[in-house]
Amino acid sequence: MACGLVASNLNLKPGECLRVRGEVAPDAKSFVLNLGKDSNNPCLHFNPRFDAHGDANTIQYYRVQQQGRRGRGAEQREAAFPFQPGSAVELCISFGQADLTVKLPDGYSFKFSNRLNLEAINYMAADGDFKIKCVAFD
């Protein structure tokens, strides 16, 4: 996938939340949201798949292993899937000193260790069948 939206110098600090609001395309196959220090040091890859790469109505994600180790952690899949083609969506990513929490529209959430020990999240990239309407910091 080519990159749709890239934001840098976000300076999201522990205790803050990044809210991403947008619309899922009516014929959506998948979309991706990556967060981290920069494009070479992601701490979170979040990929809802409506019908892509052999997955249907599944969220595929990974987090990095730990600082000093190259590569990503093992891919994981989640059956909770609150997304609908053609719908509006809001995700909230809370950044804590020890972890990140992704809150989904249905109240379900995923928690990830801050294995890179980031003091700030400075990078976000989004792509796929999701049109971002608003990015806000709380």
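The rules we used
- Residues numbered from 1 in each chain as written.
- Predicted model: local features only at pLDDT ≥ 70, side-chain atom pairs only at ≥ 80, totals over all residues.
- Heavy atoms only, no water.
- Helix = DSSP H or I, 4+ residues; strand = E, 2+ residues; numbered from the N terminus.
- Buried < 20%, exposed > 50% of the residue type's maximum accessible area, 1.4 Å probe, protein only.
- Pairing = 2+ DSSP bridges.
- Axes fitted to C-alpha atoms, helices over the stretch in contact; angles between N-to-C directions.
- Phe/Tyr/Trp six-rings, centres within 6.5 Å; stacked < 30°, edge-to-face > 60°.
- pLDDT = per-residue confidence, 0-100.
- Contact = heavy atoms within 4.5 Å.
- Core = buried A, V, L, I, M, F, W, Y, C linked by side-chain atoms within 4.5 Å.
- Polar contact = N/O pair within 3.5 Å; in protein donor to acceptor, adjacent residues only side chain to side chain.

Within an unreviewed UniProt entry, the label attached to the protein reads Galectin, and the organism entered is Otolemur garnettii.

A. Fine view of unusual backbone geometry. Of note, N11 is a non-glycine position whose phi angle comes to about 55°, a positive value. Here N11 is to be found in strand 1 (residues 5–12). You will see that N57, though not glycine, has its phi angle at about 50°, which is positive. By the secondary structure assignment, N57 is in strand 5 (residues 55–63). On the basis of relative accessible area, N57 is assigned to the partly exposed category, the value being 44%.

B. The arrangement of the sheet that holds strand 9 (residues 109–113) in detail. One open sheet accounts for 5 strands, arranged 9-8-7-2-11; its pairing is antiparallel. The open sheet is flanked by strand 9 and strand 11 (130–137), the only strands paired with a single partner. Sheet twist, expressed as the mean angle between neighbouring strand axes with direction ignored, is 20°. Note: strand 2 (residues 16–24) against strand 7 (residues 88–95), 8 bridges, orientation antiparallel. When the sheet's bridge partners are listed, V20 is paired in strand 7 with L91.

C. Geometry of the packing of aromatic side chains. If you walk through the whole model with that rule in mind, you get 8 aromatic pairs. Ring centres 4.6 Å apart and planes at 20° place the aromatic pair F31 and F130 in the stacked group. A residue pair is termed long-range when its members are at least 10 positions apart, and F31 in strand 3 (residues 31–38) and F130 in strand 11 qualify at 99 residues. The burial state of F31 is the same as that of F130; both residues are buried.

D. Region of the structure containing the confidence of the model for the protein. Overall, the prediction assigns the protein a mean pLDDT of 86, with 88% of residues at 70 or greater. Mean pLDDT values over the elements of the protein span from 72, in strand 6 (residues 76–78), up to 95, in strand 2. Low pLDDT, under 50, characterises residues 65–72; the stretch is placed with 14 contacts to residues that sit more than four places away or in other chains.

E. Structural context of the environment of S39. Within the secondary structure, S39 sits in the loop between strand 3 and strand 4 (41–52). Between the C-alpha atoms of S39 and A125, which are 86 residues apart in sequence, the distance is 8.1 Å.

F. Expanded view of the nonpolar core. In this structure, F46 and F83 are the most contacted members of the largest nonpolar core, which totals 33 residues. F83 has contacts with F31, F46, P48, F50, I59, V89, L91, L104 and P105, leaving out every residue within four places of it along the chain.

G. Spotlight on the side chain of R49. In this fold, R49 is placed in strand 4. For R49, a relative accessible area of 8% corresponds to the buried category. Among the polar contacts made by the side chain of R49, one reaches the side chain of D55 at a distance of 2.7 Å. Not counting residues up to four positions away in its chain, the partners in contact with R49 are K29, S30, D55, A56, N57, T58, Q60, R77 and F81.

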